[in-house]
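# Notes for the structure review
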Amino acid sequence: MKSLTATVAAIALAGMATATTAVAADGKGVYNQACIACHGNGVAGSPKVGDKEAWADRVTKDMDTLYKHAIEGFQGEDGVMPAKGGYTNLSDDEVRAAVDYMVQESQ
Ligand code: HEC
């Protein structure tokens, strides 16, 4: 019985470690979950991912500003960027990874 408990605990720990690593690195996954609804098509005035022109003056801001606007929300000239895209359960790191992915795809 003792070894079964230990095995179950080890599997649970391994699963947790894997999940954390995958989420931290997966900007594309976060984007597909939380950002694509607007940024996939330029809905509500959002800069469409892949549209270099729409991103041209945004990528000249430093990344910290873009992260801040994505995490805390941002009212710009084109519309309202909700904090974390409305997915307040996302960690700041997940949102940063999604911003990295979006900028990378739009330059
Ligand atoms: C409800 C629609 C909506 C969702 C969902 C959304 N955005 Fe936005 N986002 C906007 C709009 C609109 C703007 C443009 C605001 C402006 O410049 O007027 C914007 C702008 C941005 C910008 C540029 C900010 C700047 O300073 O120019 C970034 C970066 C960004 N969004 C990241 C994200 C990320 C990351 C997600 C997902 C976690 C996300 N957005 C989800 C609507 C959305």
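In what follows, the accompanying structure is described. Because the structure is a prediction, the values reported are computed rather than measured. (Residues numbered from 1 in each chain as written. Predicted model: local features only at pLDDT ≥ 70, side-chain atom pairs only at ≥ 80, totals over all residues.)

## Things to note about the overall build of the chain
The secondary structure content of the chain amounts to five helices and two strands. Each helix and strand of the chain, placed in order from N terminus to C terminus, yields the pattern α-α-α-α-β-β-α. Residue burial in the chain is summarised as follows: out of 107 residues, 21% are buried. Contacts in the chain between residues far apart in sequence, at least 24 positions, make up 64% of those at least 6 positions apart. (Helix = DSSP H or I, 4+ residues; strand = E, 2+ residues; numbered from the N terminus. Buried ≥ 20, exposed ≤ 12 C-beta atoms within 10 Å, placed from the backbone. Contact = placed C-beta atoms within 7 Å.)

## Re the nonpolar core
With 14 residues, the main nonpolar core has Val-30, Cys-35, Ala-98 and Met-102 as its most contacted residues. If you list the elements that add at least two residues to this core, you get helix H2 (27-39) and helix H5 (92-105). Residues in contact with Met-102, not counting those within four places in the same chain, are Tyr-31, Cys-35, His-39 and Val-49. (Core = buried A, V, L, I, M, F, W, Y, C linked by C-beta atoms within 7 Å.)

## With respect to the site of the ligand
In the neighbourhood of the ligand, 31 residues make up the surrounding shell, with Cys-35, Cys-38, Gly-76, Gly-79 and Gly-85 lying closest. Of all the secondary structure elements, the ones that give two or more residues to the shell around the ligand are H2, helix H4 (63-72), strand E2 (80-81) and H5. Take the shell around the ligand: its biggest share by element is five residues, from H2. Counted by class, the shell around the ligand contains 17 nonpolar, nine polar and five charged residues. (Near = placed C-beta within 6 Å. Nonpolar A, V, L, I, M, F, W, Y, C, P; charged D, E, K, R; others polar.)

Spatial relationships are all this shows, so hold off on functional conclusions.
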